[in-house]
Amino acid sequence: MNEKAMRSQRKWQTIIWVAIILVFTYLASDITNFNIIHGIATLPNAITWIFSNLTITSETLERLPKILEKLAETILMSIAATTTATIFSLFLGLMGSKTTGTSSVLGVFARFIASVARNIPVVAWALILLLSFGQNSMTGYLALFVGSLGFLTRAFIETIDEASHSAVEALRATGSTYFQIVFKAVIPQCLPQMISWILFMIETNIRSATLVGILTGTGIGYSFDLYYKTLNYSAVALVTFVIVISVIIIELMSNRIRKVIL
Amino acid sequence: MEATTTLVKRRANGRISIKSGNKVEQVMAGTIFVLTLLTILAFFFFNYAGLDISRAIPETAYNLKTMFLEPALSHFTWGEAIYQVGITLGLAFLATILGAVIAFFLALMAATNLSNLWVSKTVRIVVAFIRAVPTVLWVLIFAIAAGLGSEAAVLGMLFHSIAYLVKAFSEAFEEVDRGILEALTATGANWWHIITHAVLPSTFTYLLSWTFLRFEINFSVAVAMGAAAGAGGIGFELFMASGFYFDMREVGLITYIILLLAIVLEIMSTQLKKRYFPAKAVR
């Protein structure tokens, strides 16, 4: 009897969930004018269009050196934004973690900075910075920097919190100073996990760098936007292809590194 | 005796090296070294055209002050603002829910314990390819291929949602107890029975949590698509306010709205994560 009651309760729960989701789906399609039937109907056309127009011709291959140069700019921008953000996040992470935090005021401050930097989308940062920094690499770099700062600080706080407290306690018992504890116990323990986060951030940043590039007119995003707006679809295909290849290579490399260190 | 002498590594001056040739440490040091080098290289490689730092920093500080201390609406009303937020949330919701449904079936094919090796591998490779193309490119490509409109935005966002959820879902499916599957197979249950009676009940809460986590990501993606791909919603208003009207007060208010929603979503997903998978990473 009891099992039966539980079962029917579970059934009802599922039905209610499905009903809520259906209502929300209806509301969402209504407000956005999204028509699922139209969406599915255009899909075959869209795919044929992609295969017939997005083909790389030999003519566009001449643009490859220029595109690769832009790609290098984007990749370097993402890496630089990540590594410089890492340095600041490390301090914020040490301030924000319960294990290594020195005062609760600083801890709240670090968490507040991280939350604001992370939750304001990179797009908003890019648009704000664009107004005074103008159309150059610095704008994209700073926008990515702020986003990475927010994300990495949160990741580092969690990593440091998860690391074992016993080493910290042992060092404290021997009378080590704060910096000795941090550099001899906390950092060595957390380093593999931190590097893994940094690599993840670089991957994410390369994807967002394209987006930021479209808005701020820098890097590979700018090339894409330019060809896209001049209806040069063959070049659009080439840019997309180059991005895909580089993202996959970077992902494979960081997976390799992760496998060794974690 | 001989064996111990070969094991102890000595430096050039005869001192015993206490750091043995550890591969992990070597790789970590190498990674840090390469990244530092690339960072330094990056600052030489940057294009600084038209940059005037001494002017840009105070100006940005002034803009930020106006944004955050004097937020106001001037080009549209509160009602419209809420409507635009609704559009952004709607886009995010549609992409998430459609993505979840499609990802569920793909994940069944990708899970190694429910499917055969080749199907699983193919699905994984396709998903990896989809993930490699940034969302904005998918949206822009679909905008011309499928015609402008919310369909293009949802389709573009759908692709990444599927890729993300297939990975999450298939990992959840792979953790289903082998014994349950075996027991059901032994009773003569077919593949579909196994899914509906064993896999789905034991993973349902995980699937819902992952879907919600993706919704949180999709919200910020939807804002970005509004700004960069003209998908509409609050992101587009942000783009107009900063790029066309140069109205810092309005930018400030829109940023506050986005920030508020993002923080609410984040708190909800942190609660979910704590409840359902405490040990898993934030990713």
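A quick note: this is a predicted structure, and the numbers were derived from the prediction, not measured.

Thresholds, definitions, all that
Residues numbered from 1 in each chain as written. Chains lettered and ligands numbered in written order. Predicted model: local features only at pLDDT ≥ 70, side-chain atom pairs only at ≥ 80, totals over all residues. Axes fitted to C-alpha atoms, helices over the stretch in contact; angles between N-to-C directions. Helix = DSSP H or I, 4+ residues; strand = E, 2+ residues; numbered from the N terminus. Parallel < 35°, antiparallel > 145°, perpendicular 65-115°, else oblique. Left-handed = near helix turned anticlockwise from the far one by under 90°. Contact = placed C-beta atoms within 7 Å. pLDDT = per-residue confidence, 0-100. Nonpolar A, V, L, I, M, F, W, Y, C, P; charged D, E, K, R; others polar. UniProt positions renumbered as here; feature names shortened; annotations may be inferred.

**Observations concerning the packing of helix α9 (residues 191-228) of chain B against helix α11 (residues 248-276) of chain B**
Residue and element names in this part refer to chain B. With their axes 10 Å apart at the nearest point, α9 and α11 run at an angle of 160° to one another. By the angle class used here, α9 and α11 are roughly antiparallel. Between α9 and α11 the crossing geometry is left-handed. Residues T205, Y206, S209, F212, L213, E216, F219, S220 and V223 of α9 touch α11, and the partners they reach there are I258, L261, A262, L265, E266, S269, L272 and Y276.

**Section: the confidence of the model for chain B**
All names here are of chain B. Across chain B, the average pLDDT comes to 83, with 92% of residues at 70 or higher. Ranking the elements of chain B by mean pLDDT puts helix α1 (residues 2-7) last with 50 and helix α4 (residues 78-110) first with 90. Counted against residues more than four places away or in other chains, residues 1-5, with its pLDDT under 50, gives 0 contacts.

**A word on the interface of chain A and chain B**
Counting residues at the interface gives 62 residues for chain A and 66 residues for chain B. Here the side of chain A that touches chain B gets 9 residues from one element, more than from any other, and that element is helix α9 (residues 178-216) of chain A. Residues belonging to the side of chain A that touches chain B are distributed by class as follows: 40 nonpolar, 19 polar and 3 charged.

**Quick look at the UniProt feature "transmembrane region" (unreviewed entry) in chain A**
All names here are of chain A. Feature annotation in UniProt assigns "transmembrane region" (unreviewed entry) to the following positions: residues 12-29, 35-54, 75-96, 108-131, 138-157, 177-202, 209-228 and 234-253. A distance of 26 Å separates the end C-alpha atoms of residues 12-29, which is 100% helix and 0% strand. Secondary structure over residues 75-96 splits into 100% helix and 0% strand, and the C-alpha atoms at its two ends are 30 Å apart.

**Re the UniProt feature "transmembrane region" (unreviewed entry) in chain B**
Residues and elements named next belong to chain B. UniProt tags residues 27-46, 81-111, 123-146, 191-213, 219-239 and 251-268 as "transmembrane region" (unreviewed entry). Helix makes up 100% of residues 191-213 and strand 0%, whereas the separation of the span's terminal C-alpha atoms amounts to 29 Å. Strand forms 0% of residues 251-268 and helix 100%; the C-alpha atoms that close the span are 26 Å apart.

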